[in-house]
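Architecture at a glance
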Amino acid sequence: MTLFDPAALLVSRSKTADEGAIIRMSQRARELRTKGVDVVSLTLGEPDFDTPDNIQQAATEAMKAGFTHYSPVMGIPELRAALSRKLKSENGLDYSANEICLANGAKQAIANAILSIIEQGDEVIMLAPFWVSYEITVRFAGGTPVVLHASVEENYKVPASRIAAAITPKTKLIVLNSPSNPSGAVWSKAELQALADIVRAHPHLMVLSDEIYEYIIFDGAMNSFGAMPGMRERTITVNGFSKGFAMTGWRLGYAAAPEPIAKAMGRMQSAITAGANQFVQRAAIAALEGPRDAVERMRKEYQLRRDMVLGGLNAIPGIKAGQIPATFYAFPDVSALLGSKAGNHLLYTTDALCDWLLDEHHVATVPGSAFGAPGSIRLSFACSEAEIGKAMARMQKGLGSLA
Ligand SMILES: Cc1ncc(COP(=O)(O)O)c(C=O)c1O
């Protein structure tokens, strides 16, 4: 008799939906910690701050007031109106409340968008280094990711000419993420305009602009792609509350797009989870319209940490740290260190280098292979200055011995 094997039921979609290296490295760091090893983990992309008090209070009040039921699928009208005002006043974006669809996190908003417009045969241009979830979702939808690379010398921004050269009649979407996870890159207005010129020349093409790190910028300014001339109709703008307002666990994000696409995203939302949490949406209005001093305090704290990390990385020979004008990630290019031998470890890839850094020097980082950029590693500095100081000293000792 043959035994039932549940694994034999799995289809390729479920096997490839894997955030791989990020999860693997944070799990390995946790395991070492439980064995008593003093590990500094720089793996996770989540603020270490608690959600500001006024937002917590608004959620509690909303719950007490009975907002504990199903929400309209695309979100409560008050929040959609507040987001329409926010997008206009802060980002110069003209989306009516009807063109905004709330979701359980920006991640779901991205999935709603991609599942609405991408199917088998469609190509999606991804600008590496990129956040891995885009690629997973494009594959989910049956689309083909077309990956273009930018180097640290290019400040991790793919030049417009290379994007233009990659467009085929099958290209339907370009995924843009400024400020970027993992590189911290911020696209300037001129760079966005150059991209808009390309999009204008291809009527079958849209841009998904993920702006979730907009409140964590240190150098330069936020510019929204959809605010470039003629780009309102050609852009799906994604944003959320997780990063700037330190609300990762609350699960609220949104996408804004021309109405037919917004409605399609609502259908995806309805089919998969129904409307986002009702009292969290009430609290989100307080986040948008209440005082922003906590948001600014967190930004300043990230900036101090950014300076510490940059100083620490720049002191390591062979590493190119780049600039980090935004976010809480560093993405140094360590390719010059690859090929080294450290004891029994052959460090030919950043996967091997990150394993070695964790095993021998007790610092957990994420290899760039997780972001389509295998010559770099990602460090999240959403942790205390004491932990950053410890991590930098250990990395200087470990990586410094390789150079
Ligand atoms: C670039 C980017 N977009 C979207 C998200 C998802 O955010 P959310 O928590 O709202 O799903 C993340 C989270 O790491 C991210 O880095």
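Each chain has its residues counted from 1, following the order in which its sequence is written. Two thresholds apply to this predicted model, a pLDDT of at least 70 for residue-level local features and 80 or more for giving and counting side-chain atom pairs, whereas whole-chain, interface and lining totals are computed over all residues. Side-chain figures throughout are based on the complete set of non-hydrogen atoms in the structure, without hydrogens or water.

1. Section: the pattern of salt bridges
Note the following rule: Note on definitions: salt bridges are taken to be side-chain nitrogens of Lys or Arg within 4 Å of carboxyl oxygens of Asp or Glu. A run of H or I in DSSP counts as a helix once it spans at least four residues, and a run of E counts as a strand once it spans at least two, with each numbered from the N terminus. Buried residues are those whose accessible area, probed at 1.4 Å on protein chains only, stays under 20% of the maximum for their type, while exposed residues exceed 50% and partly exposed ones sit between those limits.
Taken as a whole, this structure holds 26 salt bridges when the rule is applied. The residue lysine 390 makes a salt bridge to aspartate 38 at a minimum N-O spacing of 3.2 Å. In this pair, lysine 390 is assigned in helix α13 (residues 385–400) and aspartate 38 in the loop between α2 (20–34) and β1 (40–41), connecting sequence segments 352 residues apart. A residue is classified by how much of its surface remains accessible, and lysine 390, at 35% relative accessible area, is partly exposed. Residue lysine 86 is joined to glutamate 90 by a salt bridge in which the shortest nitrogen-to-oxygen separation is 3.3 Å. You can see lysine 86 and its partner glutamate 90 sitting in helix α4 (residues 77–91), four residues apart, about one turn around the helix. With a relative accessible area of 5%, lysine 86 lands in the buried category. Using a relative accessible area of 38% as the deciding quantity, one classes glutamate 90 as partly exposed. Shared partners join several salt bridges into a network, and the residues in it are Arg24, Arg28, Asp355 and Asp359.

2. Quick look at α4
Along an α-helix, residues three or four positions apart point the same way, because every turn accommodates 3.6 residues. Selection criterion: Here the expected span of a helix is defined as 1.5 Å times the quantity of residues minus one. A contact between two residues is defined here by any heavy atoms of the two lying within 4.5 Å.
For α4, with 15 residues, the first-to-last C-alpha span of 20 Å sits near the 21 Å given by 1.5 Å per residue. The complete set of buried residues in α4 reads Leu79, Arg80, Ala82, Leu83, Ser84, Lys86, Leu87 and Asn91. Residues of α4 that are buried in the fold lie against β2 (100–103), β7 (235–240), β8 (253–256) and α10 (278–289). Where α4 terminates, the next one or two residues include glycine 92, which has phi positive at roughly 65°.

3. Brief notes about the domain arrangement of the chain
Put simply, the test is: Those domain boundaries reflect an automatic or database domain assignment. Reported buried area values correspond to the accessible surface (1.4 Å probe) lost by two parts on association, with both partners' losses combined.
In terms of domains, the chain is made up of domain 1 (6–50 + 294–400) and domain 2 (66–289). On a C-alpha basis, the centres of domain 1 and domain 2 stand 26 Å from each other. Domain 1 puts 36 residues into the contact, and the matching count from domain 2 is 32 residues. Both sides together, the interface formed by domain 1 and domain 2 hides about 2800 Å², and carbon and sulfur atoms give 62% of it.

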